[in-house]
Amino acid sequence: MACVLTRNKLKCLIFGDAKELSNNVLPTFKDVMQYYLFVKHKLKPETTSKEPSVSSIAEIIAVDLEKL
């Protein structure tokens, strides 16, 4: 997935800006992918370039989707 980090904003060329899930509407696939980018960026430490694991991101997303 091609992503560009510009002006402290994570933007994916396919799915658009990273953002949180809406609390009152069921998410589409695009919404889930934007939330994935949001969580990935939030979990990434500032000092190292190591990416968070997909399983740790998926756990967070699964819990939040179950709440909806």
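For clarity, every value in this text was computed on a predicted model and none was experimentally measured. (Residues numbered from 1 in each chain as written. Predicted model: local features only at pLDDT ≥ 70, side-chain atom pairs only at ≥ 80, totals over all residues. Heavy atoms only, no water.)

Visitor: Explain the overall build of the protein chain to me, please; I cannot follow it from the model alone.
Guide: A tally of regular secondary structure across the protein chain gives two helices and three strands. Along the protein chain, helices and strands appear, N-terminal first, in the series β-β-β-α-α. Within the protein chain, the fraction of its 68 residues that count as buried is 22%. Of the roughly 5200 Å² of accessible surface on the protein chain, 56% is carried by carbon and sulfur atoms. (Helix = DSSP H or I, 4+ residues; strand = E, 2+ residues; numbered from the N terminus. Buried < 20%, exposed > 50% of the residue type's maximum accessible area, 1.4 Å probe, protein only. Areas by Shrake-Rupley, 256 points an atom, 1.4 Å probe, with all protein chains shown as cover.)

Visitor: Can you walk me through the packing of helix α1 (residues 29-43) against helix α2 (residues 54-67) in this structure?
Guide: Pairs of packed helices are described in terms of their axes, by the angle between the two and the distance that separates them. Where α1 meets α2, the axes come as close as 10 Å, and the angle between the chain directions of the two elements is 125°. Overall, the two elements α1 and α2 adopt an arrangement that is oblique. Once α1 is placed against α2, the crossing between them reads as right-handed. The segment α1 lies against α2, with V32, Y35, Y36, V39, K40 and L43 engaging V54, S56, I57, I60, I61, D64 and L65. In the contact of α1 with α2, the residues fall into 10 nonpolar, one polar and two charged. (Axes fitted to C-alpha atoms, helices over the stretch in contact; angles between N-to-C directions. Parallel < 35°, antiparallel > 145°, perpendicular 65-115°, else oblique. Left-handed = near helix turned anticlockwise from the far one by under 90°. Contact = heavy atoms within 4.5 Å. Nonpolar A, V, L, I, M, F, W, Y, C, P; charged D, E, K, R; others polar.)

Visitor: Could you clarify how one ought to interpret the pattern of salt bridges in this entry?
Guide: One side chain can pair with another of opposite charge once the charged atoms of both are near each other. By the definition in use, this model includes three salt bridges. Residue E51 is joined to K44 by a salt bridge in which the shortest nitrogen-to-oxygen separation is 3.3 Å. A salt bridge links K67 to D64; the shortest N-O distance between them is 3.9 Å. Note that K67 and D64 are positioned in helix α2 at a spacing of three residues, about one turn of the helix. (Salt bridge = Lys/Arg side-chain N within 4 Å of Asp/Glu carboxyl O.)

Nothing here speaks to function; it is all geometry.
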